[in-house]
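# Structure assessment
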Amino acid sequence: ETLAIEAVAISGILEAGHTVTDALAGLVASAGCRGAVIEMRGGFGTPFAFVGPAESTDDEHAAWYSETRSPEGGARLLSATAIVGWRDGKPFIHCHGHWQFAGETVLGHLLCDETLLTEPVEVTGFGSRTATFESLPDVETRFTLFTPCGEPASESNGFLLRVRPHEDIVLAIEAACRRHGVTEGTILGIGSLIGIRFDDAPPLAGPPTEVVVEHGRIETGRVTLDIAGVDASWDQGAGRLTRGDNPVCVTFELLVARA
């Protein structure tokens, strides 16, 4: 699903003393936006709670989550991307990123309601005044997933996108860009892939894998995604995704802003 937006540049600082959810929701609201995709850099959280991908424990879901990890003494946030949307009428955040604790650097899925910032965090990204991601039940995956919702912008310079299971992520973004007339731009997002095949690094077997886009671009109509990912064994990898060989596992949520 796609939804045309007027992408509004957002930047600022998440102040200490708030949960990640409250800090991000406040920042996006202060920018006059309903939803956003935000990249975060630096900071510290205590408590700091996260999960990783895990194999499904039932016949209804393609994947699940690991047990919650909450390092004693908290963790340092290195970088993360957050989808800022809504669930049951309240702000809700879907966030993947890197953090460090006890000499270990981990990629995972941040539990934003349970993580309290104890140092400021620098943020940049894009938001929309008319559209957002709404967490809705999904019949196909049997998860409650972020879906683009709201009013399409009459004069758009980007779009929100959700890519469904088994679609190749690079080719799906390119197809959406063609529909919206975007040939040059920036791509922000997170999601899950069945496994990960890189042009320049060893593969991650999966399934499932959790993924964050570290550098995404469309140039002359062609998409390149440099991503980092983690699988159910906590093995991690990073590099440029191989075109046409990286199907989505559960979902992938993105914002594309025209250059």
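So, here's what we can say about the structure.

Criteria and thresholds
Residues numbered from 1 in each chain as written. Predicted model: local features only at pLDDT ≥ 70, side-chain atom pairs only at ≥ 80, totals over all residues. Heavy atoms only, no water. Pairing = 2+ DSSP bridges. Helix = DSSP H or I, 4+ residues; strand = E, 2+ residues; numbered from the N terminus. Buried < 20%, exposed > 50% of the residue type's maximum accessible area, 1.4 Å probe, protein only. Polar contact = N/O pair within 3.5 Å; in protein donor to acceptor, adjacent residues only side chain to side chain. Contact = heavy atoms within 4.5 Å. Phe/Tyr/Trp six-rings, centres within 6.5 Å; stacked < 30°, edge-to-face > 60°. Lys NZ or Arg CZ within 6 Å of the ring centre and 35° of its normal. Salt bridge = Lys/Arg side-chain N within 4 Å of Asp/Glu carboxyl O. Expected span 1.5 Å × (residues − 1).

Take the pairing of strand 8 (residues 75-87) next. In this structure, strand 3 (residues 35-41) lies alongside strand 8, joined through 6 bridges in antiparallel fashion. Pairing of Arg41 across the sheet is with Ser79, part of strand 8. Where strand 4 (residues 44-45) and strand 8 come together, 2 bridges link them in antiparallel fashion. Bridge pairing in strand 8 links Gly45 to Ala75. Note: strand 8 against strand 9 (residues 90-101), 11 bridges, orientation antiparallel. Its bridge partner lying in strand 9, Ile83 is registered against His94. Hairpin connection, strand 8 to strand 9: the antiparallel pair is bridged by 2 residues, and Asp88 has positive phi, about 55°.

Here we come to the side chain of His94. By secondary structure assignment, the location of His94 is in strand 9. On the basis of relative accessibility, which here comes to 13%, the residue His94 falls in the buried class. Only 3.2 Å separates the side chain of His94 from the side chain of His96, close enough to count as a polar contact. Within the structure, the side chain of His94 is placed 2.7 Å from the side chain of Glu253, a separation counted as a polar contact. In this structure, His94 is in contact with Thr81, Ala82, Ile83, His109, Phe146, Ile190 and Glu253, ignoring residues within four places of it in sequence.

Another point: the packing of aromatic side chains. A full pass over the atoms with the stated rule returns 7 aromatic pairs. Between the aromatic rings of Phe50 and Trp99, the centroid separation amounts to 5.5 Å while the plane-to-plane angle is 55°, which identifies the pairing as tilted. Here Phe50 is found in strand 5 (residues 50-51), whereas its partner Trp99 is found in strand 9, with 49 residues between them in sequence. Look at Phe50 and you get buried, because its relative accessible area is 0%. Assessed through its relative accessible area of 0%, Trp99 is described here as buried. Taken together through their ring pairs, the aromatic side chains of Phe48, Phe50, Trp99, Phe101 and Trp234 make up a single cluster. Above the plane of the ring of Trp234 lies Arg69, whose end atom (NZ or CZ) is 4.7 Å from the centre. Sitting over the face of the ring of Phe92, Arg87 holds its NZ or CZ atom 5.2 Å from the ring centroid.

Taken as a whole and judged by the stated rule, the model has 11 salt bridges. Measuring nitrogen to oxygen at the nearest pair gives 3.1 Å for the salt bridge that ties Glu140 to Arg164. Of this pair, Glu140 sits in the loop between strand 12 (131-137) and strand 13 (144-150) while Arg164 sits in the loop between strand 14 (158-163) and helix 2 (169-180), and the two are 24 residues apart along the sequence. Close ionic contact of Arg197 with Asp245 constitutes a salt bridge, the shortest N to O distance being 3.7 Å.

Let us now look at helix 2. The end-to-end C-alpha distance of helix 2, which contains 12 residues, comes to 17 Å, matching closely the 16 Å that a straight helix rising 1.5 Å per residue would cover. Ile169, Val170, Ala172, Ile173, Glu174, Ala176 and Cys177 are the residues of helix 2 that are buried. Among the structural elements, strand 1 (2-5), strand 14, strand 15 (185-193), strand 16 (209-219), strand 17 (222-231) and strand 19 (248-258) are those in contact with the buried residues of helix 2. The N-cap residue of helix 2 is Asp168: its side-chain oxygen and the backbone nitrogen of Val170 are 3.2 Å apart. Of the residues trailing helix 2, Gly181 is marked for its positive phi of about 70°.

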